[in-house]
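Results of the structural survey
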Amino acid sequence: MALNSLLDTDRRWMLQAFREAERAFEENEVPVGAVVVKDGVLVGRGRNAVERLGDPTAHAEILATSAACETLGSKFLDGCTLYVTLEPCPMCAGALVLARLQRLVFGAFDEKFGAASTLYSIPQDPRLNHQVEIVSGIEAERSAELLQAFFRQRRHAPKQEPR
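Computed from a predicted model, the values in this text were never measured in an experiment. (Residues numbered from 1 in each chain as written. Predicted model: local features only at pLDDT ≥ 70, side-chain atom pairs only at ≥ 80, totals over all residues. Heavy atoms only, no water.)

Quick notes on the nonpolar core
In terms of nonpolar packing, the biggest core is built from 23 residues, with Val36, Leu77, Leu82, Val84, Leu101 and Leu104 touching the most fellow members. Of all elements in the fold, only strand 1 (33–38), helix 3 (60–72), strand 3 (80–86), helix 4 (90–98) and strand 4 (103–108) reach the threshold of two or more residues within this core. For Leu82, the residues in contact, after removing those within four places along its chain, are Ala34, Val35, Val36, Glu61, Ala64, Thr65, Leu96, Leu101, Arg103, Leu104 and Val105. (Core = buried A, V, L, I, M, F, W, Y, C linked by side-chain atoms within 4.5 Å. Buried < 20%, exposed > 50% of the residue type's maximum accessible area, 1.4 Å probe, protein only. Helix = DSSP H or I, 4+ residues; strand = E, 2+ residues; numbered from the N terminus. Contact = heavy atoms within 4.5 Å.)

Digging into the pattern of salt bridges
For side chains bearing opposite charge, pairing can occur when the charged atoms are close. The tally for this structure, following the rule as stated, stands at eight salt bridges. Of the charged contacts, one joins Arg23 and Glu20 as a salt bridge, the two residues approaching to 2.6 Å between their closest N and O atoms. With a gap of three residues between them, Arg23 and Glu20 both fall in helix 1 (residues 3–26), about one helical turn apart. On the basis of relative accessible area, Arg23 is assigned to the partly exposed category, the value being 36%. (Salt bridge = Lys/Arg side-chain N within 4 Å of Asp/Glu carboxyl O.)

Examining helix 4
Here helix 4 has its buried residues at Cys92, Ala93, Leu96 and Val97. The buried residues of helix 4 occupy an angular sector of 145° when the element is viewed end-on, so they sit on one face. Each element contacted by the buried residues of helix 4 is listed here: helix 3, strand 3 and strand 4. Looking one or two residues beyond helix 4, the residue adopting positive phi is Arg100, at roughly 60°. (Arc of directions from axis to C-beta.)

Points about the packing of aromatic side chains
If you walk through the whole model with that rule in mind, you get three aromatic pairs. Aromatic pair Phe25 and Phe150: ring centres 5.6 Å apart, planes at 75°, arrangement edge-to-face. Here Phe25 is found in helix 1, whereas its partner Phe150 is found in helix 5 (residues 140–156), with 125 residues between them in sequence. Assigned by exposure class, Phe25 and Phe150 land together as buried. Ring centres of Phe150 and Phe151 lie 5.1 Å apart, and the angle between their planes is 80°; on these two criteria the pair is classed as edge-to-face. Residue class for Phe150 comes out buried when judged on its relative accessible area of 1%. An aromatic cluster is present here, built from Phe25, Phe150 and Phe151 joined pairwise through their rings. (Phe/Tyr/Trp six-rings, centres within 6.5 Å; stacked < 30°, edge-to-face > 60°.)

As structure tokens, this is what we get:
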């Protein structure tokens, strides 16, 4: 596939992940969205649901990966690409390696938790039994702006009692 064609495809699918992030924002979740694609077909989607589910592992990548595994009837995501609006954290990066994901395409870099290139490079660590191809920075500005808007809104919101 030509480089421009692949870039166009990556942008198109990243916009689907961005829609999931917008839904997370509307649900008062940290706005991160993800989709898993195999052979040009969406096989899983997810958005952060940590608050809604009361589960610290309910990250967009984990939910999209689980949905894709269910759709495909396999614990492995051979030949799949995960598109996510924010660089995965260590938990999610590890899950992508365990799922044997082929490609990871992410938007914004995460300077506090990024484990695909910023702080660590778990998906490409040669000491692990599988490495994931990584493409970064696709729709990064748009993804970062949505995250900044969310946290700006959260800072100005009245404080709520913890659950």
